[in-house]
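# Structural overview for review
Here's the letter readout for the chains.
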Amino acid sequence: MLKVEGVNQYYGGSHILRNVGFEANAGEVTVVLGRNGVGKTTLLKSLMGVVPVKTGSIALDGSPITNDTPYQRVRKGIGYVPQGREIFARLTVEENLQMAAVGAVPERIFEMFPVLRQMLGRRGGDLSGGQQQQLAIGRALAMKPRLLILDEPTEGIQPSIIKEIERVIRALAATGEMAILLVEQYYDFARSLADQYLVMERGEIVARGAGADMDRDGIKSLLFS
């Protein structure tokens, strides 16, 4: 589904991403872990075309997208839930969803997040943090992506909503319709969902493996020691 090869990125004289390469497959959750400042968000911005890669290649379904603009990548099937949610605060929940939908908003969004149906007429800025995160994920799903990218979806969210988001991500992966790339700091959440994991440090992938092996591989101590 997604194939990244030899990606390098610089900010000024700083080498931020160093020969990053991995694949994310349909029906699987690929988790990217690492401390703050190791290049995780820069990686996602590079995948979305917000910042151009200096060297390397990115392909979706076998087609190169390295030089595509962000809106071209979205049209080709990438859904992005940024850190901080970034919903349209002055638009209603319904208007937020319609911004991404092609035609009617898919019914399964309301099945996954029933609270959104109840609050269709409410402004996004009036929702709680957890509700805004559900709206941000719903908005990304409204365009029926083949690759869903989530940047720290549990940040600042109450535990009950984290469980809901976990359930939804697991259900989406189980359909086999999309690949899911999840950047996350919350170890237990990441471990529970990961089919494969990647650990970043100083812009490099320093560890990778099967999600089921994260504890055995000592990933928690690698991240928090």
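Residues numbered from 1 in each chain as written. Predicted model: local features only at pLDDT ≥ 70, side-chain atom pairs only at ≥ 80, totals over all residues. Heavy atoms only, no water.

Quick look at the overall build of the protein chain now. Of the regular secondary structure elements, the protein chain holds 9 helices and 10 strands. Its C-alpha atoms give the protein chain a radius of gyration of 17 Å, within 12% of the compact-globule value 17 Å for 225 residues. Overall, the protein chain is about 45 × 40 × 35 Å in size when its C-alpha atoms are taken along their principal axes. Counting every position in the protein chain, which comprises 225 residues, the buried fraction comes to 52%. In the protein chain, the proportion of contacts linking residues at least 24 apart, taken out of those at least 6 apart, comes to 69%. When the accessible area of the protein chain is evaluated, it comes to approximately 10300 Å², of which 48% is carbon and sulfur surface. Averaging the locations of the 26 positively and 25 negatively charged side chains of the protein chain gives two centres separated by 4 Å. (Helix = DSSP H or I, 4+ residues; strand = E, 2+ residues; numbered from the N terminus. Rg over C-alpha atoms; globule rule 2.2 N^0.38 Å. Buried < 20%, exposed > 50% of the residue type's maximum accessible area, 1.4 Å probe, protein only. Contact = heavy atoms within 4.5 Å. Areas by Shrake-Rupley, 256 points an atom, 1.4 Å probe, with all protein chains shown as cover. Lys, Arg positive; Asp, Glu negative; His and termini not counted. Charge placed at Lys NZ, Arg CZ, Asp CG, Glu CD.)

With that out of the way, let us pick up the pattern of salt bridges. Taken as a whole and assessed by the stated rule, the structure comprises 11 salt bridges. In this structure, E164 engages R167 in a salt bridge whose closest nitrogen and oxygen atoms are separated by 2.7 Å. Highlighted residues: E164 and R167, both in helix α7 (residues 159-175), separated by 3 residues, approximately one helical turn. Using a relative accessible area of 29% as the deciding quantity, one classes E164 as partly exposed. In the salt-bridge network here, residues are joined through shared partners; they are D188, R191 and D215. (Salt bridge = Lys/Arg side-chain N within 4 Å of Asp/Glu carboxyl O.)

Judged by pairing direction, the sheet is antiparallel, and its 4 strands sit side by side in the order β2-β1-β4-β5 without closing on themselves. Each having just a single partner strand, β2 (14-24) and β5 (63-64) make up the two edges of the open sheet. Across 5 bridges, the pairing between strand β1 (residues 2-11) and strand β4 (residues 55-60) is antiparallel. Of the residues in β4, the one forming a bridge with E5 is S57. Of the strands in this sheet, β1, β2 and β4 are in contact with helix α1 (residues 40-48), which crosses β2 at around 65°. (Pairing = 2+ DSSP bridges. Axes fitted to C-alpha atoms, helices over the stretch in contact; angles between N-to-C directions.)

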